[in-house]
Amino acid sequence: MKRILIEQFNTGYEVNGWFVALKNAVANMTAEQALWKPAGTEHSVWEMVYHLWYWNDRWRKRYLNEKNEKGPSAISETFQAKENATEEEWQEALDKLFAVMDFWKDALEHITEEKLNEQVSERYTDAWSYPLAHIMVHNAYHIGQIVIIRKIAGNWDASKGVS
C-alpha cells in the first residue's frame with residue numbers, strides 16, 4: 001500500500017504520469033492568470049490552489065494530532081483568492097501549498113504499515129490508508145481543472161504535459 005500511495009502522490013505532485021503533476025500545472029503562472037475565471041465557471045486557479053492547500057493542511061494537522069479550527073459551513077468557502085493580488089502574494093500561495101505537499105511527500109516516505117492501518121480518530125474510524133488514497137484522487141481532480149482553465153485561457157504550455 002505504501003508504494004502505491006507514494007507513486008500516486010509523486011505523479012500528482014512533481015512527476016507527470018497519465019496526467020499533469022501539480023508543479024507543472026501551475027508552472028510559470030502569473031497572479032493575473034491565476035485569478036482569471038472562464039465565463040460560466042465557479043473557480044479560478046488561485047481558488048483551487050487555496051482549496052488544495054486547505055484540505056491537504058487539514059489532513060496534515062489530523063495526521064500530526066494537531067487541532068483543526070472549525071471548518072467552513074459550506075465547501076465553497078474553501079475556494080478563496082485575493083482580488084487584485086500581487087505576484088508576491090501568488091508566490092506565497094504556491095509556497096504554502098508546496099510546503100504542505102512536501103510534508104505529505106516526506107510523511108509517505110516514512111509512514112509505517114502500522115500507521116497506514118491505524119484508525120484516524122475516534123470520529124473518523126477508517127484506517128489512514130483510506131483518506132490518504134482519497135486525498136490523492138481529490139488533488140488529481142483539481143489539478144485537471146487547473147490545466148483545463150489554463151488551456152481555455154490560452155496560457156497552457158504544452159511542453160508541461162497534455163497538449
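As the structure is a prediction and not an experimental result, all values here were calculated from the model.

K.L.:
With reference to specific residues and values, describe the overall build of the chain.
P.N.:
The helix and strand inventory of the chain stands at 7 helices and 0 strands. Each helix (α) and strand (β) of the chain, taken in turn from the N terminus, gives the series α-α-α-α-α-α-α. Taken over the C-alpha trace, the chain has a radius of gyration of 16 Å; the compact-globule value for 163 residues is 15 Å, and the two agree within 12%. If you line up the chain on its principal axes, its C-alpha atoms span 45 × 35 × 30 Å. Long-range pairs, those at least 24 residues apart, make up 70% of the contacts in the chain between residues at least 6 apart in sequence. Carbon and sulfur atoms provide 52% of the accessible area of the chain, an area that totals close to 9,200 Å². Charged side chains of the chain number 18 positive and 24 negative; the gap between the two group centres comes to 2 Å.

K.L.:
Please provide a residue-by-residue account of the environment of Val-15, values included.
P.N.:
Relative to the elements of secondary structure, Val-15 occurs in the loop between helix H1 (2-13) and helix H2 (22-25). Residue Val-15 is classed as partly exposed on the basis of its relative accessible area, which comes to 49%. Excluding residues within four positions of it along the chain, Val-15 makes contact with Asn-10 and Ala-21.

K.L.:
Give a description of the pattern of salt bridges that names residues and reports values.
P.N.:
Summed over all chains, the structure comprises 8 salt bridges. Its salt-bridge partner being Glu-14, residue Lys-105 comes within 2.5 Å of it at the nearest N-O pair. Here Lys-105 is found in helix H5 (residues 87-110), whereas its partner Glu-14 is found in the loop between H1 and H2, with 91 residues between them in sequence. Between Arg-60 and Glu-66 there is a salt bridge, with the nearest N and O atoms lying 3.7 Å from each other. Assessed through its relative accessible area of 17%, Arg-60 is described here as buried. Within this structure, Asp-57, Arg-60, Lys-61, Glu-66 and Glu-69 form a network of salt bridges that share partners.

K.L.:
Can you explain the packing of aromatic side chains? Please cite residues and give values.
P.N.:
Any aromatic ring pair is given by two values, namely how distant the centres are and how the planes are angled relative to each other. Inspection of every chain in the model, using the stated rule, returns 12 aromatic pairs. Between Tyr-50 and Trp-53, the aromatic rings sit 5.3 Å apart at their centres with planes inclined by 50°, giving tilted as the arrangement. With a gap of 3 residues between them, Tyr-50 and Trp-53 both fall in helix H4 (residues 45-63), about one helical turn apart. The class of Tyr-50 is partly exposed, set by a relative accessible area of 23%.

K.L.:
Give a detailed account of the side chain of Lys-2, specifying residues and quantitative values.
P.N.:
Note that Lys-2 resides in helix H1. One buried charge, Lys-2, has no salt-bridge partner; the nearest side chain with opposite charge is Glu-109, at 5.9 Å. Side-chain polar atoms of Lys-2 contact the backbone oxygen of Glu-109, separated by 2.9 Å. Setting aside residues up to four positions removed in sequence, Lys-2 forms contacts with Leu-108, Glu-109, His-110, Ile-111, Glu-113 and Leu-116.

K.L.:
Go over the confidence of the model for the chain, please, and point to the residues and values.
P.N.:
Taken as a whole, the chain shows an average pLDDT of 91; of its residues, 99% reach a score of 70 or greater. When pLDDT is averaged over each element of the chain, H5 comes out on top at 97 and H1 at the bottom at 92.

What counts as what
- Starting afresh in each chain, residues are numbered from 1 along the sequence in its written order.
- Where totals are concerned, whole chains, interfaces and linings use all residues; where local detail is concerned, this predicted model gives features only for residues with pLDDT of at least 70, and gives and counts side-chain atom pairs only at 80 or more.
- Only hydrogens and water are set aside when side-chain values are computed; all heavy atoms of the structure are taken into account.
- Under the DSSP-based scheme used, a helix requires at least four consecutive residues in state H or I and a strand at least two consecutive residues in state E, with every element numbered from the N terminus.
- For the radius of gyration, the atom set is restricted to C-alpha positions; the globular benchmark scales as 2.2 Å times the number of residues to the power 0.38.
- Here a residue-residue contact requires only that any non-hydrogen atoms of the pair lie within 4.5 Å.
- Each accessible area is a Shrake-Rupley result for a 1.4 Å probe, and residues are judged covered by the shown protein chains and nothing else.
- Residues scored as positive are Lys and Arg, those scored as negative are Asp and Glu, and His as well as the terminal groups of each chain are ignored.
- Lysine's charge is taken at NZ, arginine's at CZ, aspartate's at CG and glutamate's at CD.
- Burial status follows relative accessibility: with a 1.4 Å probe on protein chains alone, a residue under 20% of its type maximum counts as buried, one over 50% as exposed, and anything between as partly exposed.
- When a carboxyl oxygen of Asp or Glu lies within 4 Å of a side-chain nitrogen of Lys or Arg, that pair is called a salt bridge.
- When the centres of two rings from Phe, Tyr and Trp lie within 6.5 Å, Trp using its six-membered ring, the rings pair. Their planes under 30 degrees apart give stacked, over 60 give edge-to-face, and anything left gives tilted.
- Two N or O atoms form a polar contact when they lie within 3.5 Å of each other; inside protein one atom must be a possible hydrogen donor and the other a possible acceptor, and for residues adjacent in sequence the pair counts only when both atoms belong to side chains.
- Each residue carries a pLDDT score, the predictor's own confidence in it, on a scale running from 0 to 100.

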